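Chain by chain, the residues run as shown.
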Amino acid sequence: MKEKLEQIVNEALSKINESDQLEKLSDIKTQFLGKKGELTAVLKGMKDVAPQDRPKVGQMVNDARAKIEEVLEEKKTSFERARRAEKMKKEVIDVTLPGRQLGRGHRHPNTIALEEVERIFVGMGYEVVGGPEIEYDYYNFEALNIPEGHPAKDEQDTFYINDEILLRTQTSSVQVHMMEQGKLPIRMISPGRVFRSDDVDATHSPSFHQIEGMVIDKNITFADLKGTLELFAQKLFGKDTKVKFRPHHFPFTEPSAEMDVSCFKCGGKGCRFCKGEGWIEILGCGMVHPHVFEMSGIDPNEYTGFAFGVGLERIALLKYEIDDMRLLYENDIRFLEQF
């Protein structure tokens, strides 16, 4: 029995010393010390040993196991130390090397334009209000004096989810939510993304951004509207900017108008930028229609107000002289770095 144990130990130690990978040590341990290993087989044969010799044989088996485990652990430690040294060698950092400058991100031209518009109106005492992009037909159309069958409903090429729910075509719906709260007076702008079924080209997109504004109070007149928007244009495009209003029609305002600004490139003399006209159309506006007040529970005999809407992309295209709206959405770093 002693010779057999010595043979097992010598064979195990030989294989341990010859192993060149950490993973092989696990196989050796299983071969000699596992449940079906060679030492375990010796222990199972103890029943054939005379009772008076069993303690002595058991001690020899334990000594053999301890010897194999000791050498296995030493070899394992040696492998781990070598592997750690190799890893440290590969991961060494030369602290004397110059640092690498990381690229910095840029604000999107839409973001720059929106922040400027918000800064102008907040400075005039307006509140910035958001609302849902998925909206009820009532808030997007009916409450804005655009009932079923109205031509304006067809002109906007709406994305309908079902008969009552749609992707909003304008942020004017946010104004209706504010009016329904009944907290007057109201001075607000509602910037946000809107959706219309338009083909993508240099001036159109199925998803773009609008900024709607509204003021409701007692004794608000068209003169207040003109003064507010004139100041807005001068803050945005320069103090020498002039404005003019042309009669127009919108279902939710009466009277309605479109506002032009004098070309800030040529000062109104006429150039390629303004197509020789000296003026650039910028937004639509008007006095809130009395019926819109009534539908939201506001007495039109006591309160008046004005509303306006401008496309955020239009402001960015004009202010930064971008000639193709698609550039705003292509995420071309060469384009965005210019801002």
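Residues numbered from 1 in each chain as written. Predicted model: local features only at pLDDT ≥ 70, side-chain atom pairs only at ≥ 80, totals over all residues. Heavy atoms only, no water.

Draft legend 1. Here's a closer look at the confidence of the model for the protein chain. Residue-level pLDDT values for the protein chain average 86, and 94% of them are 70 or greater. Here helix H7 (residues 151-155) is the element of the protein chain with the lowest mean pLDDT, 68, and strand S1 (residues 127-128) is the one with the highest, 96. (pLDDT = per-residue confidence, 0-100. Helix = DSSP H or I, 4+ residues; strand = E, 2+ residues; numbered from the N terminus.)

Draft legend 2. Region of the structure containing the packing of aromatic side chains. Taken as a whole and assessed by the stated rule, the structure comprises ten aromatic pairs. Here phenylalanine 121 and tyrosine 126 contribute two aromatic rings whose centre-to-centre distance is 5.1 Å and whose plane-to-plane angle is 65°, an arrangement assigned as edge-to-face. The class of phenylalanine 121 is buried, set by a relative accessible area of 1%. Taking the relative accessible area as the measure of exposure, tyrosine 126 reaches 8% and is therefore buried. When the ring of phenylalanine 121 is compared with that of phenylalanine 308, the centres are 5.3 Å apart and the planes differ by 20°; the resulting orientation is stacked. Separated by 187 residues along the polypeptide, phenylalanine 121 in helix H5 (residues 109-123) and phenylalanine 308 in strand S9 (residues 304-311) bring together distant segments of the chain. Through a chain of ring-to-ring contacts, three or more aromatic side chains come together here, namely Phe121, Tyr126, Phe232, Phe306 and Phe308. (Phe/Tyr/Trp six-rings, centres within 6.5 Å; stacked < 30°, edge-to-face > 60°. Buried < 20%, exposed > 50% of the residue type's maximum accessible area, 1.4 Å probe, protein only.)

Draft legend 3. Layout of the packing of H5 against helix H9 (residues 222-237). It is the contact of H5 with H9, at a shortest axis distance of 10 Å, that shows an interaxial angle of 135°. Of the possible angle classes, the one that applies to H5 and H9 is oblique. For H5 against H9, the interelement crossing comes out right-handed. Residues Glu116, Val117, Ile120 and Phe121 of H5 form the contact with H9, whose own contacting residues are Thr228, Phe232, Lys235 and Leu236. Residue classes in the contact of H5 with H9 are distributed as five nonpolar, one polar and two charged. (Axes fitted to C-alpha atoms, helices over the stretch in contact; angles between N-to-C directions. Parallel < 35°, antiparallel > 145°, perpendicular 65-115°, else oblique. Left-handed = near helix turned anticlockwise from the far one by under 90°. Contact = heavy atoms within 4.5 Å. Nonpolar A, V, L, I, M, F, W, Y, C, P; charged D, E, K, R; others polar.)

Draft legend 4. A negative patch on the surface, seen in detail. The grouping of Glu70, Glu73, Glu74 and Glu80 at the surface amounts to a negative patch. On the secondary structure map, glutamate 70 appears in helix H4 (residues 54-90). (Patch = residues over 30% accessible without salt bridge, like charges linked within 9 Å, V, L, I, M, F, W, Y side chains within 5 Å. Areas by Shrake-Rupley, 256 points an atom, 1.4 Å probe, with all protein chains shown as cover. Salt bridge = Lys/Arg side-chain N within 4 Å of Asp/Glu carboxyl O. Lys, Arg positive; Asp, Glu negative; His and termini not counted. Charge placed at Lys NZ, Arg CZ, Asp CG, Glu CD.)

Draft legend 5. Structural view of the pairing of strand S7 (residues 253-262). Burial runs high along S7: eight of the ten residues are buried. Here strand S6 (residues 243-250) runs beside S7; their pairing, made up of seven bridges, is antiparallel. Of the residues in S7, the one forming a bridge with phenylalanine 250 is threonine 253. Here S6 folds back onto S7 in antiparallel fashion, the turn holding two residues. (Pairing = 2+ DSSP bridges.)

Draft legend 6. Geometry of empty space enclosed by the protein. Throughout the structure, instances matching the rule amount to one cavity of 30 Å³ or more. Put simply, the largest cavity is a space of about 50 Å³. If you trace the largest cavity, you find it lined by Leu144, Gln175, Met179, Met214, Phe252, Val288, Val292 and Ala307. For the lining of the largest cavity, the class distribution of residues is seven nonpolar, one polar and no charged. (1 Å grid on protein atoms, 1.4 Å probe; cavity = no way out; pocket = protein on both sides within 12 Å on 5 of 7 lines; lining within 4 Å. Points joined across faces, edges and corners; volume = space filled by probe spheres on them.)

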